[in-house]
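# Reading the structure
Each chain, letter by letter, is given below.
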Amino acid sequence: MPEQISYANWDTLAEGAERETSMGPLTRTDFVRFAGANGDFNPNHHDEIYAIRAGFDKIFAPGMLQGGYLARLISEWVGPGALRTLRIRFSAQAWPGDMVICRAKVTRRFEEADERRVEIEAEAVNQHGDALIKGNAIAAPHS
């Protein structure tokens, strides 16, 4: 039976509310599966020799893989159809064997366009605490 997801609402998304999840350890298979799903076959993410010749130690995760993990954390928190914007900025690569720890925090509640909205600051870090992605989202959670 599928896991039941419990979405937050306006009342539970107070300023300072937080959510976190971890993914990994990342595998080379994760990188290839993601490439197959999104059609981005950059060889730096699956071809070891190519990545080494390009100046890297080995292949590394597609940035949007971590971006997807971060987006999933937020969208599963605020509920279907609630996400209005999501902006992310890539900071560092994730490598095979890395964990991706995604964190999100409500930083502001406000009303705009006849909706109750929350602003969320988010980040994905590896197991060493190194920033992989920083993000900002706006959502209109259900009442």
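Residues numbered from 1 in each chain as written. Predicted model: local features only at pLDDT ≥ 70, side-chain atom pairs only at ≥ 80, totals over all residues. Heavy atoms only, no water.

## Structural notes on the overall build of the chain
- The helix and strand inventory of the chain stands at 3 helices and 5 strands.
- Mapped in sequence order, the helices and strands of the chain form the string β-α-α-α-β-β-β-β.
- C-alpha atoms of the chain, sized along the principal axes, occupy 55 × 35 × 25 Å.
- Across the chain, every contact between residues at least 6 apart in sequence was considered, and the portion connecting residues at least 24 apart equals 69%.
- As displayed, the chain has an accessible area near 8200 Å², and 47% of this comes from carbon and sulfur atoms. (Helix = DSSP H or I, 4+ residues; strand = E, 2+ residues; numbered from the N terminus. Contact = heavy atoms within 4.5 Å. Areas by Shrake-Rupley, 256 points an atom, 1.4 Å probe, with all protein chains shown as cover.)

## So, the pairing of strand 3 (residues 100–112)
- Sheet topology places strand 1 (residues 18–23) next to strand 3; 6 bridges connect them, and they run antiparallel. Residue pairing for strand 3: M23 is matched across the bridge by V100.
- Counted along the chain from strand 3 to the antiparallel partner strand 4 (residues 115–125), the turn is 2 residues long, and its residue A113 has a positive phi close to 55 degrees. (Pairing = 2+ DSSP bridges.)

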